[in-house]
Structure formats: C-alpha cells, structure tokens
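# A closer look at the structure
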Amino acid sequence: MSEYNTGRNKEAAPLEAAFNELLKAYRLEDKFKEKQLISFWGEIVGKTISDRTTAVFIREKKLFVKLSSGPVKKKN
C-alpha cells in the first residue's frame with residue numbers, strides 16, 4: 001500500500017505543543033490565558049466567592065471582579 005504524501009512534516013507534534021505554537025504565531029497567548037482565567041474562576045476561588053461573584057472581566061491586563069456580598073468584598 002502506498003503512502004499519500006501531503007508535503008507536510010512527517011513528525012507529528014503533540015496536540016498541546018501544536019496548539020501553543022498556533023497561539024504564539026497569531027499572538028493570541030495573552031487573550032487565551034485571560035479567557036481561561038475567566039472560565040475557571042469558580043474553581044480558582046472556590047464555591048463561596050464564586051457564588052457571590054456577579055461579573056469577572058479583564059481590561060488592559062487588569063482583572064476586575066464584581067461581588068454581591070459585603071463581607072466577601074471587605075479586606076482584612
């Protein structure tokens with residue numbers, strides 16, 4: 001059986017490495033990390049804070065979080 005030649009490199013790159021290279025090539029690394037942070041907010045801060053979070057967003061590389069609970073907002 002003959003092999004179909006696509007002209008591509010025959011060495012297969014792991015999916016994660018290929019994805020990271022793609023992000024780097026299109027300069028999307030920072031945006032992807034921001035989206036990941038927002039997506040995993042609940043897992044990062046835990047249920048108590050997550051349940052009282054009304055909004056999470058990033059603007060000019062700064063994280064903004066809106067909370068609905070005074071005691072959670074209060075700094076010790």
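The model shown is predicted, which means the values in this text are computed figures rather than measured ones. Think of each chain on its own: its residues are numbered from 1, step by step along the sequence as written. In keeping with the model being predicted, local features are shown solely for residues with a pLDDT of at least 70 and side-chain atom pairs are shown and tallied solely at 80 or more, while totals for entire chains, interfaces and linings include all residues. Each side-chain value is worked out from all heavy atoms of the structure, with water and hydrogens disregarded.

### Concerning the overall build of the protein chain
Helix and strand definitions follow DSSP, with helices as H or I runs of at least four residues and strands as E runs of at least two, each counted in order from the N terminus. A tally of helices and strands in the protein chain yields five helices and two strands. Scanning the protein chain from its N terminus toward the C terminus, one meets helices and strands in the order α-α-α-α-β-β-α. Three labels apply to residues, based on accessible area from a 1.4 Å probe with only protein chains included: buried if under 20% of the type maximum, exposed if over 50%, partly exposed otherwise in between. Across the 76 residues that make up the protein chain, the buried fraction comes to 8%. A separation threshold of at least 6 residues defines the contact pool for the protein chain, and within that pool the share at least 24 residues apart is 12%. Only the protein chains shown count as cover for residues, with accessible areas throughout obtained via the Shrake-Rupley method and a probe of 1.4 Å. In the structure as shown, the protein chain presents an accessible area of about 7300 Å², 52% of it carried by carbon and sulfur atoms. Note on definitions: a residue-residue contact is assigned when non-hydrogen atoms from the two residues lie within 4.5 Å.

### What to know about the pairing of strand 2 (residues 62–67)
Taken residue by residue, a regular strand's side chains alternate between the two faces of the sheet. Strand pairing is assigned whenever DSSP detects at least two bridges linking the two strands. Sheet topology note: the strand 1 (residues 53–59)/strand 2 ladder contains six bridges and is antiparallel. Pairing of Ala55 across the sheet is with Lys66, part of strand 2. Hairpin remark: strand 1 followed by strand 2, antiparallel, with two residues in the connecting loop; positive phi at Glu60, about 50°.

### What about the packing of aromatic side chains?
Two rings from Phe, Tyr or Trp (for Trp, the six-membered ring) form a pair when their centres are within 6.5 Å of each other. A pair whose planes differ by under 30 degrees is stacked, one over 60 is edge-to-face, and the rest are tilted. Throughout the structure, instances matching the rule amount to two aromatic pairs. Considering the side-chain rings of Phe19 and Phe32, the 5.2 Å spacing of their centres and the 70° angle between planes classify their relative orientation as edge-to-face. Note that Phe19 is positioned in helix 1 (residues 15–25) and Phe32 in helix 2 (residues 29–39), a separation of 13 residues in sequence. Of the residues examined, Phe19 reaches a relative accessible area of 36% and is grouped as partly exposed. Between Phe57 and Phe64, the ring centres sit 5.2 Å apart and the planes meet at 10°, which makes this aromatic pair stacked. Judged by relative accessible area, which is 34%, Phe64 ranks as partly exposed.

### What about unusual backbone geometry?
Phi at Glu60 is positive, roughly 50°, even though this residue is not glycine. In this structure, Glu60 sits in the loop between strand 1 and strand 2. Despite not being glycine, Lys61 has its phi angle at roughly 65°, a positive value. As for its position among the elements, Lys61 is in the loop between strand 1 and strand 2.

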